[in-house]
Number of protein chains: 2
Amino acid sequence: MERPVRILGTGKYLPKRQVTAEQLDQKLGLPAGWVEKKSGVRVRHFVTDETSTQMGAAAATQALQNAGLTFADIDCLVCASGTAQQEIPCTAALLQEELGESDSGVPCFDINSTCLSFVTALDVMSAAMAAGVYKRVLIVSTEISSVGLNWEQKESSILFGDGAAAAVIGLAPDGSSSRILCSRMETYSKGAHYSEIRGGGTLIHPSEYGKGNESDFMFDMDGRKLFRMTSQLLEGFIERLLSNTTISLSEIKAVVPHQASGMAMRIMAQKLGLAPGQMINIIENHGNVIAASIPMALHEAIQEKKVARGDLLLLLGTSAGLSLGGVLLEY
Amino acid sequence: MERPVRILGTGKYLPKRQVTAEQLDQKLGLPAGWVEKKSGVRVRHFVTDETSTQMGAAAATQALQNAGLTFADIDCLVCASGTAQQEIPCTAALLQEELGESDSGVPCFDINSTCLSFVTALDVMSAAMAAGVYKRVLIVSTEISSVGLNWEQKESSILFGDGAAAAVIGLAPDGSSSRILCSRMETYSKGAHYSEIRGGGTLIHPSEYGKGNESDFMFDMDGRKLFRMTSQLLEGFIERLLSNTTISLSEIKAVVPHQASGMAMRIMAQKLGLAPGQMINIIENHGNVIAASIPMALHEAIQEKKVARGDLLLLLGTSAGLSLGGVLLEY
């Protein structure tokens, strides 16, 4: 299950507009300090005129630069997001267009497991690379959560931000020990309706909008049930994830988690017995950016030199579905 | 690039309600015979009370039966559709729930390249299997096109049907020569807007529906431009697809194409110089079922004994994006 794949470069983009916890306290008529305390988010960014593909293209361009590559070096473009720019075609094709590469022929498709999309794409595409199908893959997660939030659900709406992150992955060069050591994903759909947007697909088509069902087109989360279920599953999942390796959590330089919420990450660090600083936490000034959260946290950790080549990293998250997913890699 | 993977079983589901070409002639105020002549579709099926996951679960159950397996034998469930049941979570998780396997933990995610989604999923997941990540994968394509058709665009709306198809793929048993010989995908986003649904995502959110933009939430196709572009690209694509093999088209028992339209398939057969009967054509009584078209045609060909173990098959299609994709396999 090991795959000789290296993360060659990462990038991110945040929308220009910042929205602070104080602004949301006021907007929602809440006591000062409530939003930051509940969410752990001091500042998130919301799009004004930015589109999903514009953000994704900016993050992708930075990832290519950081890898010392250009788009011509890429042989596959995967969009790994929980939200799409439009129904048809897939967002990856629109990203190719936004990057000015519309004649390139580089294959484009989307992989979606909501907040785990990047982890799933890294897992699956690294395997495709190990099997010889692709050599260098650009994975882009770009999310606009702000259009689908239900501000009457205070505890969920205050968590999210917009933004994009990208990574270029390639076969590890000779002599490099960069690799994916193991990966695992588990889905328990008994939790499928604990976090969802019921509308927008073929079940409640957009043409049904505005008949008193407006909330069906907004994010709906039962935080308590979600939290209880993921808490019960997490430890067993980690055990199964690492079971084919000899690695213990204490040997891992950094755990790069989905930035679900401040509290979710505190409890995760506690449950896993992580050392202070072992978990990469960027929620304070990014919020939960759906699938972009994990690659964005990875990008920040690399930029801030919290991780270096040779370090073991665990990308780890939960998502709507309900799914748990993780990839253990040597950076 | 060869992968020792076998299609173990296939299944399909068609909605109960049949809609004939004559009914559409009348509905659209067209002369008798116009719809069938233009589309090549005599009967398509539209959902009444069926959901996308109900159809997909029925097709999946049949595919498992035909493979002589149960869900317990599966270690990954991929939904490979151009349409989704709801915005969040991914349709694969909802399929797991519909199959009554919500405690199974089997990982679920979606792969989307519109009409090529099944081909992309087969390509990528067979590679993941070759790399040792999964052993048996259930791929389900389930599509409800009927909710998003624009009946004022007569030439596109008359092509489509609803339905689902599924395939179980597994590592080829010892001594079997079943395998994927090669695969290829190319995306040219200069054609990204020749077939699209602009609305429904983050660009034109469902909450914008009903402000004179209704057609943004329906399928929009420029058939002429699409047709010209794919015609120009097809022959070169096939050459590149087969270039790493010694196989010529005449050695391939059956080409299983995307059932885009009667005319598109006639021209494809002509351009590729296929022998009569070499192309599997089920459009007459299914219509274009988006990503379900290719696995449904494959299922029909197997059921009607047009293909047998040991035969070379070419799954081949075009999709919104604009993309071309193909997988050559020994069945």
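Basis of the calculations
Residues numbered from 1 in each chain as written. Chains lettered and ligands numbered in written order. Predicted model: local features only at pLDDT ≥ 70, side-chain atom pairs only at ≥ 80, totals over all residues. Heavy atoms only, no water. Domains from an automatic or database assignment. Buried area = accessible area lost by both parts, 1.4 Å probe. Salt bridge = Lys/Arg side-chain N within 4 Å of Asp/Glu carboxyl O. Polar contact = N/O pair within 3.5 Å; in protein donor to acceptor, adjacent residues only side chain to side chain. Helix = DSSP H or I, 4+ residues; strand = E, 2+ residues; numbered from the N terminus. Nonpolar A, V, L, I, M, F, W, Y, C, P; charged D, E, K, R; others polar. Phe/Tyr/Trp six-rings, centres within 6.5 Å; stacked < 30°, edge-to-face > 60°. Buried < 20%, exposed > 50% of the residue type's maximum accessible area, 1.4 Å probe, protein only. Contact = heavy atoms within 4.5 Å. Least-squares fit on C-alpha atoms with pLDDT ≥ 70 in both. Arc of directions from axis to C-beta. Pairing = 2+ DSSP bridges. Axes fitted to C-alpha atoms, helices over the stretch in contact; angles between N-to-C directions.

- Taking an unreviewed UniProt entry as the reference, chain A is identified by name as 3-oxoacyl-(Acyl carrier protein) synthase III belonging to Brevibacillus borstelensis AK1.

**A short note on the domain arrangement of chain A**
Residue and element names in this part refer to chain A.
Okay, step 1: One can read the domain layout of chain A as domain 1 (5-171) and domain 2 (179-330).
Okay, step 2: Distance between the C-alpha centres of domain 1 and domain 2: 15 Å.
Okay, step 3: Between domain 1 and domain 2, a total of about 3,700 Å² is buried, with carbon and sulfur atoms accounting for 64% of that surface.
Okay, step 4: The interface formed by domain 1 and domain 2 includes two salt bridges.
Okay, step 5: Between lysine 12 and glutamate 300 there is a salt bridge, with its nearest N and O atoms 3.2 Å apart.
Okay, step 6: Our enumeration of links across domain 1 and domain 2 arrives at 18 residue pairs in polar contact (both at pLDDT 80 or more).
Okay, step 7: If you list the elements that add at least two residues to the side of domain 1 that touches domain 2, you get strand S1 (5-13), strand S3 (43-46), helix H3 (52-67), helix H5 (117-130), strand S6 (136-143) and strand S7 (163-171).
Okay, step 8: Looking at which element gives the most residues to the side of domain 1 that touches domain 2, the answer is S1, with eight residues.
Okay, step 9: Considered class by class, the residues forming the side of domain 1 that touches domain 2 number 18 nonpolar, 23 polar and eight charged.

**Section: the packing of aromatic side chains**
Okay, step 1: With the rule as written, the count across this model stands at six aromatic pairs over all chains.
Okay, step 2: Pairing Phe160(A) with Phe219(A) gives two aromatic rings, centres 5.2 Å apart and planes at 75 degrees, and the pair type is edge-to-face. With Phe160(A) in the loop between helix H6 (154-157) and S7 and Phe219(A) in the loop between strand S9 (195-196) and strand S10 (220-221), this residue pair connects regions lying 59 residues apart in the sequence. Accessibility classification places Phe160(A) together with Phe219(A) in one group, the buried group.
Okay, step 3: Between Tyr209(B) and Phe217(B), the aromatic rings sit 5.1 Å apart at their centres with planes inclined by 70 degrees, giving edge-to-face as the arrangement.

**Regarding the interface of chain A and chain B**
Okay, step 1: Counting residues at the interface gives 72 residues for chain A and 72 residues for chain B.
Okay, step 2: When the two sides are added together, the surface that chain A and chain B hide from each other amounts to roughly 5,700 Å², 61% of it contributed by carbon and sulfur.
Okay, step 3: Among the residues chain A hides against chain B, the three largest losses belong to Glu87(A), Ile88(A) and Thr202(A). Together they make up 13% of the total.
Okay, step 4: Our count for the chain A to chain B interface comes out at two salt bridges.
Okay, step 5: The closest approach of N and O atoms between Lys190(B) and Asp103(A), which form a salt bridge, is 2.8 Å.
Okay, step 6: Broken down by secondary-structure element, the contributors of at least two residues to the side of chain A that touches chain B are helix H4 (91-98), strand S5 (108-112), H5, strand S8 (179-187) and S9 of chain A.
Okay, step 7: For the side of chain A that touches chain B, the leading source of residues is H5(A), giving seven residues.
Okay, step 8: The class makeup of the residues in the side of chain A that touches chain B is 32 nonpolar, 29 polar and 11 charged.

**Here's the deal with the relation of the copies chain A and chain B**
Okay, step 1: With an RMSD of 0.0 Å, chain A superimposes on chain B once it is rotated by 180 degrees and translated 0.0 Å along the axis. A rotation of that kind, with that shift, is consistent with a two-fold axis.
Okay, step 2: When the interface residues of chain A are mapped onto chain B, 100% of them are again interface residues, pointing to one common binding face.

**Focus: the pattern of salt bridges**
All names here are of chain A.
Okay, step 1: Evaluation of the coordinates by the stated rule reveals 38 salt bridges over all chains.
Okay, step 2: In this structure, arginine 179 engages glutamate 2 in a salt bridge whose closest nitrogen and oxygen atoms are separated by 3.1 Å. One end of the pair, arginine 179, is in strand S8; the other, glutamate 2, is in the segment before S1, and 177 residues separate them in sequence.
Okay, step 3: For arginine 179, a relative accessible area of 22% puts it in the partly exposed group.
Okay, step 4: A relative accessible area of 46% places glutamate 2 in the partly exposed class.
Okay, step 5: With a closest N to O distance of 3.0 Å, aspartate 49 and lysine 16 form a salt bridge. Here lysine 16 lies in the loop between S1 and strand S2 (17-20) and aspartate 49 lies in the loop between S3 and H3, a separation of 33 residues in the sequence.
Okay, step 6: Put simply, Glu196, Arg198, Asp216 and Asp220 are held in one network by salt bridges that share partners.

**Side note on the environment of Met229(B)**
All names here are of chain B.
Okay, step 1: Relative to the helices and strands, methionine 229 resides in helix H7 (residues 223-242).
Okay, step 2: The spacing of methionine 229 and glycine 191 is 38 residues in sequence and 7.6 Å in space, taken between C-alpha atoms.
Okay, step 3: Those residues in contact with methionine 229, other than ones at most four positions away along the chain, are Tyr188, Lys190, Gly191, Tyr194 and Leu322.

**Some remarks on helix H8 (residues 262-271) of chain B**
Residues and elements named next belong to chain B.
Okay, step 1: Those residues of H8 that fall on the buried side of the exposure criterion are Gly262, Met265, Met268 and Ala269. Within H8, the buried residues cover an arc of 130 degrees as seen down the axis, which keeps them to one side.
Okay, step 2: Looking at the buried positions of H8, the neighbouring elements they touch are helix H2 (34-39), H7, strand S11 (254-257) and strand S12 (312-319).
Okay, step 3: Phi turns positive one or two residues past the end of H8, at glycine 273, with a value near 65 degrees.

**Quick look at the side chain of Lys12(B)**
Residues and elements named next belong to chain B.
Okay, step 1: Mapped onto the fold, lysine 12 is located in strand S1 (residues 5-13).
Okay, step 2: Among the polar contacts listed, one links the side chain of lysine 12 to the side chain of histidine 286, at a separation of 2.7 Å.
Okay, step 3: Polar contacts involving the side chain of lysine 12 include one to the side chain of glutamate 300, which spans 3.2 Å.
Okay, step 4: In contact with lysine 12, not counting residues within four places along its chain, are Ala59, Gln62, Ala164, Ala165, His286, Met296, His299 and Glu300.

**Examining the environment of Lys37(B)**
Okay, step 1: The topology assignment puts Lys37(B) in helix H2.
Okay, step 2: Separated by 144 residues in the primary sequence, Lys37(B) and Leu181(B) have C-alpha atoms spaced 37 Å apart.

**Thoughts on the pairing of S1(B)**
Residue and element names in this part refer to chain B.
Okay, step 1: The buried fraction of S1 is high, at seven of nine residues.
Okay, step 2: Relative to strand S7 (residues 163-171), S1 is paired through eight bridges, and the arrangement is antiparallel. Bridging across to S7, glycine 11 finds its partner in alanine 166.

**A look at the sheet that holds S7(A)**
Okay, step 1: Spatial strand order, S1(A)-S7(A)-S6(A)-S4(A)-S5(A)-S5(B)-S4(B)-S6(B)-S7(B)-S1(B): 10 strands in an open sheet with mixed pairing. Each of the sheet's edge strands pairs with one partner strand only, and the pair in question is S1 of chain A together with S1 of chain B. Neighbour-to-neighbour, the strand axes of the sheet open up by a mean angle of 20 degrees, direction not taken into account.
Okay, step 2: Each of S1, S6 and S7 of chain A touches H3(A); the most contacted strand, S1(A), lies at about 135 degrees to it.
Okay, step 3: Running at roughly 20 degrees to S7(A), H5(A) makes contact with S1, strand S4 (76-79), S5, S6 and S7 of chain A together with strand S5 (108-112) of chain B of the sheet.

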